[in-house]
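Summary of the model geometry
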Amino acid sequence: MLKIPSMKEVNHVYFVPGMAADVSIFEFINLPKERYKTHTIPWKIPEKDEPIGDYAKRMCKEVLHKECILIGVSFGGIMVQEMSKYLNVKKLIIISSVKNKYELPKRMWLVRKTKAYKLMPTSLVSKIDNWEKLAFGDFAKKRAALYQKYLSVNDKTYLDWAIEKIVCWDQEESIEGIVHIHGDKDIVFPISHIKECITVEKGTHVMIINRSRWFNKHLPEIIEN
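First, a word on scope: everything that follows refers to the structure included in this document. Note that the coordinates shown come from a computational prediction; the quantities given were computed from them, not determined experimentally.

Taken together, six strands build an open sheet; the order of strands is S2-S1-S3-S4-S5-S6 and the sheet is parallel. Of all the strands in the sheet, just strand S2 (36-40) and strand S6 (198-200) have a single pairing partner and so form its edges. When the angles between neighbouring strand axes are averaged without regard to direction, this sheet yields 20 degrees. The sheet contact formed by strand S1 (residues 11-16) and strand S3 (residues 68-73) spans four bridges and is parallel. Bridging across to S3, Val16 finds its partner in Gly72. Relative to the sheet, helix H2 (residues 75-84) contacts S1, S3 and strand S4 (89-95), its axis offset from that of S3 by approximately 150 degrees.

Working definition: the covalent bond between the sulfur atoms of two cysteines is a disulfide. Tallied over the entire structure, the rule returns zero disulfides. Of all cysteine sulfurs in the structure, the one in Cys68 sits closest to Cys60, which takes part in no disulfide; the separation is 8.5 Å. For Cys68, a relative accessible area of 1% gives the class buried.

This part covers the packing of aromatic side chains. Here the structure, examined in full by the defined rule, presents eight aromatic pairs. An aromatic cluster of three or more residues is present, and its members are Trp43, Tyr55, Phe75, Tyr158 and Trp161.

As a further point, take helix H8 (residues 212-224). Its 13 residues place the ends of H8 19 Å apart at the C-alpha level, agreeing with the 18 Å of an ideal helix rising 1.5 Å per residue. A bend of about 40 degrees at His218 is the largest found in H8, and the proline Pro220 appears one to four places after it. Along H8, the positions that sit buried rather than exposed are Ser212, Trp214, Phe215, His218, Leu219, Pro220, Ile222, Ile223 and Glu224. Those residues of H8 that are buried lie in contact with S2, S3, S4, strand S5 (179-183), S6 and helix H7 (207-210).

Calculation rules
- Sequence order as written defines the numbering, with residues in each chain counted from 1.
- Only residues with pLDDT of at least 70 get local features here, since the model is predicted, and only at 80 or more are side-chain atom pairs given and counted; chain-wide, interface and lining totals rely on the full set of residues.
- The side-chain quantities take in all heavy atoms of the structure and omit both hydrogens and water.
- Strand pairing is assigned whenever DSSP identifies at least 2 bridges connecting the two strands.
- Numbering goes from the N terminus for both helices and strands, where a helix is a DSSP run of H or I of at least four residues and a strand is a run of E of at least two.
- In this analysis, axes come from line fits to C-alpha atoms, helices being fitted only over the stretch in contact, and the angle between any two N-to-C directions falls in the range 0 to 180 degrees.
- By definition in these notes, contact holds between two residues if any of their heavy atoms fall within 4.5 Å.
- To count as a disulfide, a pair of cysteine sulfur atoms needs to be within 2.5 Å.
- When accessible area is computed with a 1.4 Å probe and restricted to protein chains, residues below 20% of their type maximum are described as buried, those above 50% as exposed, and intermediate ones as partly exposed.
- Here a pair means two rings of Phe, Tyr or Trp (six-membered ring of Trp) with centres within 6.5 Å. Their orientation is stacked below 30 degrees between planes, edge-to-face above 60, and tilted elsewhere.
- In this analysis, the expected span of each helix is defined as 1.5 Å times one less than the number of residues it contains.
- Think of it this way: the bend at a residue is just the angle between two axes, each fitted to seven residues, one set ending at that residue and the other starting at it.

Next up, the structure:
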């Protein structure tokens, strides 16, 4: 059940990063300190065959305030939706994510149907110590450095689990009252599959990092609307 926050109270905002991402992806997000206290929830290593609901309950243990605001990016957006099923939240916001399984791109449906996610070489990703060595050209090296900085959760158990939970997510209906912020240049979750969202022009899948000014300007009004 969602509750509109009061302008006078200090609101506790909990952020969950994208798949494999460190909480440092939120380092450029600055909400007015007189109205908001921000917290981040890092990823945990899942138990063997752990259902997403059980994992969400473990993540909920990091939430120490009632009627908080949950904000998740990408897979973190899926996770905060699962967490909201066990918490009373004032506002539920997802960024660069999906609200139900029908917003997943067709390629993920194919991966799900064929179970190709079981063949993904996540063990190789977990062993890469320096992404920059694999990149060519200045732009590629900058992007590789960005990945190395923010994609720090490279445990194979976690990666295998997270990929499966994304492509096999079974949520049928969007949660009532959810706020969805999405970039029109997102190539991971193309906006053509997304319904009812706040569109960020020229926003990419990593816009929480490179469009932080937009979020610092608009997040307070989105939370309080």
